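The lines below spell out each chain.
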Amino acid sequence: MYISTYCASSSKSSPSILRACRVRSTPSLSSHSFSPPSLPFVKNPASHACTPPSNVTYRSLTFSSAFRSVSCSAPRWSHRVDWRSPVSLRAQIRSASPVLERFDRKIATMASEHPYNEILFGLPKSGGGEFGKFYSLPALNDPRVDKLPYSIKILLESAIRNCDNFQVTKDDVEKIIDWEKSAPKQVEIPFKPARVLLQDFTGVPAVVDLASMREAIKDLDSNPDKINPLVPVDLVIDHSVQVDVARSENAVQANMDLEFKRNKERFAFLKWGSTAFRNMLVVPPGSGIVHQVNLEYLGRVVFNTDGILYPDSVVGTDSHTTMIDGLGVAGWGVGGIEAEAAMLGQPMSMVLPGVVGFNLSGKLRDGVTATDLVLTVTQMLRKHGVVGKFVEFYGEGMGKLSLADRATIANMSPEYGATMGFFPVDHVTLEYLKLTGRSDDKVAMIEAYLRANKMFIDYNEPQLERVYSSYLELDLADVEPCISGPKRPHDRVPLKDMKFDWHSCLDNKVGFKGFAVPKEQQEKVVKFSFHGQPAELKHGSVVIAAITSCTNTSNPSVMLGAGLVAKKACELGLEVKPWVKTSLAPGSGVVTKYLLQSGLQQYLNQQGFNIVGYGCTTCIGNSGDLDESVAAAIVDNDLVAAAVLSGNRNFEGRVHPLTRANYLASPPLVMAYALAGTVDIDFEKEPIGTGKDGKSVYFRDIWPTTEEIAQVVQSSVLPDMFKSTYEAITKGNQFWNQLSVPSSSLYGWDPNSTYIHKPPYFDGMTMDPPGPRGVKDAYCLLLFGDSITTDHISPAGSIQKDSPAAKYLMERGVDRKDFNSYGSRRGNDEVMARGTFANIRIVNKLLNGEVGPKTLHIPTGEKLSVYDAAMRYKTAGQDTIVLAGAEYGSGSSRDWAAKGPMLQGVKAVIAKSFERIHRSNLVGMGIVPLCFKSGEDAESLGLTGHERYTIDLPTKTSDIRPGQDITVTTDDGKSFTCTLRFDTEVELEYFNHGGILQYVIRNLTKS
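Residues numbered from 1 in each chain as written. Predicted model: local features only at pLDDT ≥ 70, side-chain atom pairs only at ≥ 80, totals over all residues. Heavy atoms only, no water.

Considering a negative patch on the surface
There is a patch of like negative charges on the surface, built from Glu396, Glu473, Asp475 and Asp478. Along the chain, Asp475 turns up in strand 17 (residues 470-475). You can call Asp475 partly exposed: its relative accessible area is 31%. (Patch = residues over 30% accessible without salt bridge, like charges linked within 9 Å, V, L, I, M, F, W, Y side chains within 5 Å. Areas by Shrake-Rupley, 256 points an atom, 1.4 Å probe, with all protein chains shown as cover. Salt bridge = Lys/Arg side-chain N within 4 Å of Asp/Glu carboxyl O. Lys, Arg positive; Asp, Glu negative; His and termini not counted. Charge placed at Lys NZ, Arg CZ, Asp CG, Glu CD. Helix = DSSP H or I, 4+ residues; strand = E, 2+ residues; numbered from the N terminus. Buried < 20%, exposed > 50% of the residue type's maximum accessible area, 1.4 Å probe, protein only.)

Put into C-alpha cells, the structure is as follows:
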C-alpha cells in the first residue's frame, strides 16, 4: 500500500501541476518484511528516468527518526526485529504504534486514489473471514490477460499494485497487458521486486557500497539513514568455506574453523550490517547454499503485507537466483549495484521480455537423472537463443517432474542464457511447500490467491492455450545420460560418446573443445609416490570429484542416487583411489539428515565423500589445494588433469588452476567417475574396476534403478527434517555468536584492513551530474575472442603468488597461506582492482594467443600484468577500452567484473555481444557498452588493438537514444559504426550521473 501527498512539478512545455508522490506504508510486523516509509523518486516523463525535477518543493515524508525506536537492540540477524523474543517484539510494536496509526488513517483516506482501486478485492477463507485483499487480474475483464504467459502475469500484477502514475504508470500496465504486440518492440517497463537475495561474495561488496553511500550522503549534508533497504533483503553466507580438509570425519569442523579464521573480519562486517540496516536478514555460515535455503525456507510464493496479497518475486546478486523459478517464484540474477538500487526503492528498468514456451511430454527413462535433463535442456535452449528472454515450461510431462527436478532446470537458466526458466505453481508445488515445513494455513492462502488470480495451473482441468514468442518441445523419454565439458556447461556429451569426445579434445587445437596434446604424448603414464604408496596419473585422470552445488544438492533423488552408487561399489569391493580429492558439500542440513536416515552416508564416507561443509565449495573454485605430490605430477608433466563435479559452471581456471578439463555431471556420475579414476572410459564397454572377487565391475553393476531411488526418497526425506533444520537456522553457531560488532550506523573503516576498504566511487562527488563523456584517443587494454566470462574478468578463486594482488597483500604483512580467495576479498577495492583480468587461463590476442594475465603496453611495447599496464595508462591520463568477441561477460553475475575495469580506467567495451547481467553492470559503473554491427568484429574490421580509438558521444543526454548508432574512429584512419548498448532511457540517466549508485545518492539527497 502507498500513501499519497502532493508536490508541484513544472516543465517548459506545461504549467505547474500537482502530482501525487507516494510513500510506502509500514508492512505488517507479522510478515517477513518490515520496512520504514521513505520518499521514492519521482518519474521524469521526458527521460523515463526516476529523477526529481530540480524545481520541486518537497514535503518531508521520511520517518527514519520515528522508526529508530522500532529497531531492536538485542542481538539478532533478522529484519531489524528480535523474532526470538515475543515480549521484545510487542514492546517494539507499542513504540511504533503512533506512527502506524497515522499511517493507517492516511491509508484510509488515500486508498481510493490508487489507479486500480476498482479491482482490489478481498480473498475469503473457506471457514469465514478473509486472507487479505488483492488486485484481481480477472477483474480487468480483458481477454488479452487470459492468454498471457504465467511469468508475464507476475510482471503485470506488480505493475498494477505499484502503479502510482510516477514510478509505474498506467501506460506501463497497458504495455504488459498488450505483451503479445509490445514485447517484439523491445519496450521498456519498470519492475519492483518483492525482495532481494544476496550471498556473501556479492553481499560484502553490496554492504560496503551501502556503508559508503551513507557517508557520501552525509558529506552532501543529508541524512545517512536514508540509506536503508525498503524491501526484505536476505543474505546467506555460503561462498567462503573451502575444501581444505577432505576425506575426514571431522572435515566440517576443521573447514569451518579455517573459514572463520580467514573471514572473521568479513563476517563481523556482515553482522554489523544486519544491525545497522533495517530489513536485512543474515543467515550465518554453515547453514547451506543460498539458493537451496531460498527454495526450502526463504521463498514465500505469495506475500501478505499490510493485508495485501501479492506474488513473491526476487532479484539476487547471484546468477543462479533463477533456481527459485522452480517454485513458481519469479526470480533472476542482477548485478550487485542494480540490486542495491532495488533495495533502496529504485524501480528496475527492464525490456519487456519475450517468452519461449517449452512443452515437456512423457517421462524420463529408467536410470536417467534430472542432471541429464538439465544438460539436455541447456543445450537445446542455447541453440534456440534465449538471451534476455523468459522460458516458461508447461505440458503433460510436468506432472512427472518433482519440484526438485524443476528447480534443477530453473537453476541453470544462466547457462542456457535465459533471464528465467519458470515453472508455474501447481499441485506439485503445493506438496513441496508442505514437505518443507510451510504451514497448512500458508499453503491454503497461496493456493487460494493464485487460483483467484488465475496464476495457478491445474493439469486436471482443461488448459487455455497461451501465447508464447516461440515454442520448443521435448519428450522426456528422449533424454539420455550425459555430462558437459570440458570447458563450458552447454557443451553436452552423451555418456556413450564420452571416450571418443575425450580423444577428440586431446587432438583438437586449443579451444573450448581442444587441448592440442601431441599424439605421441597422449598415452603417457606418470608414476609418483602418494604418501608412501605407488600412484599414477595420465591425461584425463580425475584428481577432483566433488558432489557440490545448489543445482544438484537440493535434489534428493540424485543425492540419494549417489549414495546408492557408493553402497553398491562398497559391496562389490570397489574403492576410489586415495589421490582423488573427493568431497561432499550439501546445500542444507536437510541433506545430511536424509543421508543419515537412509543409512547411505556411511558408504559415501567409505569412498572418501565425507561432508566437508555447507556451502558452494568446488563449484565456485573453493576446491582447496591438491596434494603436493599430485600437483607436482600434473605440473612437471604438463598433464591435462580432470575434475568431475555436480556443479553448474566449468569455465577454464574456475574449478582449480591445475584441472584443465572440467566436467559437469550428476552426483551419481561424479561417484562413478571417481571410482573409474579417469574420464577416458567407455562405461558401456569398459569395466570401472575389479571387485573383491577378482571379477570386472561395470557401470551397470553399480547404477541404481529409478525405482530403487524412489523408494529411498520416500522413506528417507521427511517433513520434520526441514522444520528442525530451519527452526535453528538463524540461531547461528558458536563462532558466529561470539563475533562482537559495533552498534554505530556509520561504519568505522580500518585503513589497515585488507578485507574491508572504503571504495573511491563517491570521492569528491557533488550534486551536479558529470554528464555524458566520450572517449578520445584511447588505447586498447585487451583484445579478446569469444566467450570471455566474468571468471576471466574477475576470478573468484585462489590468488596466485606472483600476481599484483599477492604483492599488495604481502606488502601489508599477509602471509601467502592467509591470502584466501579473490571472492572473499571483494570488500577491498585495492585487491579487486589488482585481481581484475587476473585469471591464469585468460587469452589476450595482443600477446598473439599467449595464455595468462598479461598484456602489451602499446606506447612502450612492454609486456606487463594487466593491472600494471592499466595503472600506467591511468597515471598518464590515457583512456583505455576493451575489444571482445561474442558472449562477453557470460557466467556469474559478478559486479566486480564491471567495478574492476572501471577502477583500472576502462571507459568502454566493444564486443560482438554481451551477457545480459554483465552489460547492465557495465552501465551501472559508467562504462560504455558498444556492439559491433552484425557480421563485423575486430578481425573483420582489421583492428589489431594497436590503434588509438575515439568514440564520439553527444555531450547531452537528451541527444542520446537507446540503441543508436555510434561512430568509432582510429588514429590510423579506420572508421566503423557500433550500436550503443544503453538499452533504456533510465540507463542513459545512470550514465549521465556517472553510475547507478551516484544517481540514487543524488535523488535521495534531494528528497
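What follows picks up the thread again.
Comments concerning the packing of helix 7 (residues 200-219) against helix 8 (residues 251-276)
Any two packed helices are characterised by the angle at which their axes cross and by the distance between the axes. Contact geometry of helix 7 with helix 8 gives a least axis separation of 10 Å together with a crossing angle of 55 degrees. Judged by the angle between their axes, helix 7 and helix 8 are oblique. Crossing of helix 7 against helix 8: the hand is left-handed. Here Asp200, Phe201, Gly203, Val204, Val207, Val208, Ala211 and Arg214 of helix 7 come into contact with helix 8, specifically with Arg266, Phe269, Leu270, Trp272, Gly273 and Ala276. The class makeup of the residues in the contact of helix 7 with helix 8 is nine nonpolar, two polar and three charged. (Axes fitted to C-alpha atoms, helices over the stretch in contact; angles between N-to-C directions. Parallel < 35°, antiparallel > 145°, perpendicular 65-115°, else oblique. Left-handed = near helix turned anticlockwise from the far one by under 90°. Contact = heavy atoms within 4.5 Å. Nonpolar A, V, L, I, M, F, W, Y, C, P; charged D, E, K, R; others polar.)

Examining the environment of Gly891
Mapped onto the elements, Gly891 comes out in the loop between strand 31 (880-883) and helix 31 (896-904). By relative accessible area, which is 8% here, Gly891 ends up buried. Sequence spacing of Gly891 and Phe651 is 240 residues, and the spatial spacing of their C-alpha atoms is 8.4 Å. Setting aside chain neighbours within four positions, we find Gly891 in contact with Ser319, Arg649, Phe651 and Thr790.

A closer look at the sheet that holds strand 31
The mixed closed barrel is built from seven strands, whose spatial order is 28-31-32-33-36-35-34. Within this sheet the neighbouring strands show an average axis-to-axis angle of 40 degrees, counted without direction. As paired strands, strand 33 (residues 928-932) and strand 36 (residues 975-980) are joined by three bridges and run antiparallel to one another. The residue bridging Cys931 from the neighbouring strand is Thr979, located in strand 36. On top of the sheet, helix 30 (residues 866-875) reaches strand 28 (775-783) and strand 31; it is set at about 170 degrees to strand 28, its chief contact. (Pairing = 2+ DSSP bridges.)

A word on the state of the cysteines
Taken as a whole and judged by the stated rule, the model has zero disulfides. Here Cys931 stays unpaired: no disulfide links it, and the sulfur of Cys978, its closest cysteine neighbor, is 8.0 Å away. Residue classification places Cys931 among the buried residues on the basis of a relative accessible area of 7%. (Disulfide = S-S within 2.5 Å.)

A word on the nonpolar core
One broad rule of soluble globular proteins: the nonpolar side chains tend to lie buried together. Counting residues in hydrophobic clusters, the biggest one holds 311 residues, and the most contacted among them are Phe393 and Tyr888. Per-element accounting of this core gives the leading share, ten residues, to helix 7. Every residue in contact with Tyr888, bar those within four places of it in the chain, is listed here: Phe784, Ile788, Ile793, Phe837, Val882, Val909, Ala911, Ser913, Phe914, Glu915 and His918. (Core = buried A, V, L, I, M, F, W, Y, C linked by side-chain atoms within 4.5 Å.)

Description of the packing of aromatic side chains
Under the defined criterion, the tally for this structure stands at 30 aromatic pairs. With a centroid separation of 4.9 Å and 5 degrees between ring planes, the pair formed by Tyr297 and Tyr726 is classed as stacked. In this pair, Tyr297 is assigned in helix 9 (residues 290-298) and Tyr726 in helix 25 (residues 719-727), connecting sequence segments 429 residues apart. Their ring planes at 0 degrees and their centres at 5.3 Å tell us that Phe303 and Tyr310 sit as a pair that is stacked. Each of the two residues, Phe303 as well as Tyr310, counts as buried. Among the aromatic residues, ring-to-ring pairing joins Phe269, Trp272, Phe277, Tyr747 and Trp749 into one connected group. (Phe/Tyr/Trp six-rings, centres within 6.5 Å; stacked < 30°, edge-to-face > 60°.)

A closer look at the confidence of the model for the protein
Of the residues in the protein, 89% have a pLDDT of 70 or more, and the chain-wide mean is 87. Below a pLDDT of 50 lies the segment residues 1-111, which in the model reaches 236 contacts outside its immediate sequence neighbourhood of four places, other chains included. (pLDDT = per-residue confidence, 0-100.)

Re the sheet that holds strand 14 (residues 355-361)
If you trace the four strands from one edge of the open sheet to the other, you get 16-15-14-17, paired in parallel fashion. Each edge of the sheet is formed by a strand with only one pairing partner; in this case those strands are strand 16 (420-422) and strand 17. This sheet shows a mean twist of 20 degrees between the axes of neighbouring strands, independent of strand direction. Inspection of the sheet shows strand 14 paired to strand 17 by six bridges, in the parallel sense. The residue of strand 17 that forms the bridge with Val356 is Ser470. Running at roughly 125 degrees to strand 15 (residues 390-394), helix 4 (residues 150-161) makes contact with strand 14, strand 15 and strand 16 of the sheet. Along the sheet face, helix 11 (residues 370-384) touches strand 14, strand 15 and strand 17 and points at about 150 degrees away from the line of strand 17.

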